[in-house]
Structure formats: C-alpha cells, structure tokens
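Commentary on secondary and tertiary structure
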Amino acid sequence: EPEVTQTPSHQVTQMGQEVILRCVPISNHLYFYWYRQILGQKVEFLVSFYNNEISEKSEIFDDQFSVERPDGSNFTLKIRSTKLEDSAMYFCASRTRDPGNTIYFGEGSWLTVV
Amino acid sequence: QKEVEQNSGPLSVPEGAIASLNCTYSDRGSQSFFWYRQYSGKSPELIMSIYSNGDKEDGRFTAQLNKASQYVSLLIRDSQPSDSATYLCAVLYNFNKFYFGSGTKLNVKP
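Now for a description of the structure that goes with this document. (Residues numbered from 1 in each chain as written. Chains lettered and ligands numbered in written order. Predicted model: local features only at pLDDT ≥ 70, side-chain atom pairs only at ≥ 80, totals over all residues. Heavy atoms only, no water.)

Some thoughts on the overall build of chain A
Counting its regular elements, chain A contains 0 helices and 11 strands. In summary, chain A has a C-alpha radius of gyration of 13 Å against a globular reference of 13 Å for 114 residues, a match within 12%. Taken along its principal axes, the extent of the C-alpha atoms in chain A is 40 × 25 × 25 Å. The buried share of chain A, taken over its 114 residues, is 47%. The long-range share in chain A, meaning contacts at least 24 apart out of those at least 6 apart in sequence, stands at 53%. Carbon and sulfur atoms form 46% of the exposed surface of chain A, whose accessible area is close to 5,700 Å². Mean positive and mean negative side-chain charge positions of chain A (10 and 15 charges, respectively) differ by 3 Å. (Helix = DSSP H or I, 4+ residues; strand = E, 2+ residues; numbered from the N terminus. Rg over C-alpha atoms; globule rule 2.2 N^0.38 Å. Buried < 20%, exposed > 50% of the residue type's maximum accessible area, 1.4 Å probe, protein only. Contact = heavy atoms within 4.5 Å. Areas by Shrake-Rupley, 256 points an atom, 1.4 Å probe, with all protein chains shown as cover. Lys, Arg positive; Asp, Glu negative; His and termini not counted. Charge placed at Lys NZ, Arg CZ, Asp CG, Glu CD.)

Set out below in structure tokens:
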C-alpha cells in the first residue's frame, strides 16, 4: 500500500541551527501538508501546499518556516534558526484532489532542539 | 481558527462495552469529517470518514454526523484493550484544510 515517507525519523539539533525535514508524499496525491504535534498536545496545522505554492498557512507558520517541492517527489519543511519550542513531532501528509478523500500521514519526524 | 472540540478524557470502558466519543465543530462550512486513532508516539491513522448526515458503519465502528447540531461521534462496539489510544476528530474545511481536535484518550480495561 502506498505510504507517505518521512526522513529523518528523529533529529537532535542545537538552538539556532537550521533543520530540513523531508517527505515523499504518495505519488498520485496533489495536496501536501505539514502538521506539528508538541508532546502531549494536539495536532496543529502548519501549512498546505498545492500546485507548487502555499495554499494556506497557520499563524504558527511564520518567517522561520518555509516549504519547498524541489523535484517531482520530495516535499520539504525548513526551519531556520530553531528554538527550544520547536521541539515536536512534525508530520507530513498528503491527499488527492477529491474533497471526500482523507489525508494520509507519514510516520513523523521527531525534532529535539537543545 | 476553526474550532474542533473534544473531551480530553480519559474515557474508561470495560472490555466488550461500547465506547462513545464525541466531537463538535464551529464552522458550518465544514465538508467532511474524519476519525483518526493515534497511539502514543505514532502518527494518526484513519479509522473512518463521513460526509452525510446519519450513521456510517464499518465493522465495530460507527460514525454519526449531525450537521444541524454540528457534531460528529464515533461508537466503538465490543471495545478491546487494543482500542486504547487517543482518538482524534478532524474536519475538512474549504476543501483544503484539516483541523484536528485535541483528542479523547480511551482506556479499555480488560
């Protein structure tokens, strides 16, 4: 069964460093998402991406964050100058265009900022 | 921010009982509704989706949607200890954006 894959599964970084989280969405999907879940808290929407551009972003997704689809398969989330409060699980997700279809999540990238 | 509200729980039920999980949402423009299960440290996995008023059954799971009252619920029949997890309600808005509730933690006691 097709799945969303994410790398790395876990990354430890020093505060102030840049981090890139990578995702390979399901191949026929057109909408791509990044979500964040701080330990013990809810899944929070960061950004959605469609047709090679950001379609929507939350108030969390400030200038520190950026997304890119550098080729036909990868979808990346870059966090510049990481802060302690960026420590969280970051989930990539994707879905087809059909609004009746759900989003499918990757296994997540656990980011620890020290 | 569109609101999706869930009781955080924990909801404790004995094995074999029916577990009832509820969710309310704030935006009448919401189009589709989903229930996910999340085990600790894992990503959410889809249980069911529902778009029309009424009930939708899939095995031991039944989703119920009432758009007039803006609530969606999930019933789990014959609950098993393996059902112990956090259940997330998600709402699709504007054909693009999924909002998640904070989740209800379910404990099924053997």
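Some details on the sheet that holds strand 8 (residues 71–76) of chain B
All names here are of chain B. Here we have 5 strands laid out as an open sheet, ordered 1-3-8-7-6, and antiparallel in their pairing. Two strands lie at the open edges of the sheet, namely strand 1 (4–6) and strand 6 (54–58), each paired on one side alone. On average, adjacent strands in this sheet sit at an angle of 20 degrees to one another, irrespective of strand direction. Both strand 1 and strand 3 (residues 19–25) contribute to a ladder of 3 bridges, which runs antiparallel. Bridging across to strand 3, Val4 finds its partner in Tyr25. (Pairing = 2+ DSSP bridges. Axes fitted to C-alpha atoms, helices over the stretch in contact; angles between N-to-C directions.)

A word on the sheet that holds strand 8 (residues 75–79) of chain A
Residue and element names in this part refer to chain A. Pairing is antiparallel across the open sheet formed by 4 strands, whose spatial order is 1-3-8-7. Two strands bound the open sheet, and with one partner strand each, they are strand 1 (5–7) and strand 7 (65–68). Going from strand to strand, the sheet's axes swing by 20 degrees on average, the running direction of each strand aside. Bridge count for strand 3 (residues 19–24) against strand 8 is 5 bridges, and the pairing is antiparallel. Considered in strand 8, the bridge of Val19 is made with Ile79.

Concerning the pattern of salt bridges
Residue and element names in this part refer to chain B. On inspection of all chains with the given rule, the structure shows 4 salt bridges over all chains. Here Arg60 ties to Asp83 by a salt bridge, and the two come within 2.9 Å at their closest N and O atoms. Note that Arg60 is positioned in the loop between strand 6 and strand 7 (61–66) and Asp83 in the loop between strand 8 and strand 9 (85–93), a separation of 23 residues in sequence. You can call Arg60 partly exposed: its relative accessible area is 26%. Taking the relative accessible area as the measure of exposure, Asp83 reaches 2% and is therefore buried. (Salt bridge = Lys/Arg side-chain N within 4 Å of Asp/Glu carboxyl O.)

A look at the interface of chain B and chain A
Opposite the 21 residues of chain B that make contact, chain A presents 23 residues. Between chain B and chain A, the buried area comes to about 1,800 Å², and carbon and sulfur atoms account for 52% of it. Inspection of the chain B/chain A interface yields 0 salt bridges. Residue assignment for the side of chain B that touches chain A shows that the elements contributing at least two residues are strand 4 (32–38), strand 9 and strand 10 (97–100) of chain B. At 4 residues, strand 4 of chain B tops the list of elements feeding residues into the side of chain B that touches chain A. (Buried area = accessible area lost by both parts, 1.4 Å probe.)

Things to note about the pairing of strand 6 of chain B
One face of the sheet, then the other: side chains in a regular strand alternate in exactly this way. Residues and elements named next belong to chain B. Sheet topology note: the strand 6/strand 7 ladder contains 5 bridges and is antiparallel. Of the residues in strand 7, the one forming a bridge with Glu57 is Thr62. Once strand 6 ends, the chain turns through 2 residues before running back antiparallel as strand 7, passing Gly59 with a positive phi of about 65 degrees.

Some details on the state of the cysteines
This structure, assessed with the given rule, holds 2 disulfides over all chains. Across the disulfide, Cys23 of chain A is cross-linked to Cys92 of chain A (sulfur-sulfur distance 1.9 Å). An S-S torsion of about -65 degrees defines the bridge between Cys23 of chain A and Cys92 of chain A as left-handed. Remark: Cys92 of chain A occurs in strand 9 (residues 88–95) and Cys23 of chain A occurs in strand 3; sequence separation between them is 69 residues. As far as the burial class goes, Cys23 of chain A and Cys92 of chain A line up, both buried. The disulfide bridge from Cys23 of chain B ends at Cys89 of chain B, spanning 2.1 Å between sulfur atoms. Between Cys23 of chain B and Cys89 of chain B the disulfide shows an S-S torsion of about -70 degrees. By sign, it is left-handed. Of the two residues, Cys23 of chain B is situated in strand 3 and Cys89 of chain B in strand 9; the sequence distance between them amounts to 66 residues. Neither residue differs from the other here; Cys23 of chain B and Cys89 of chain B are each classed as buried. (Disulfide = S-S within 2.5 Å.)

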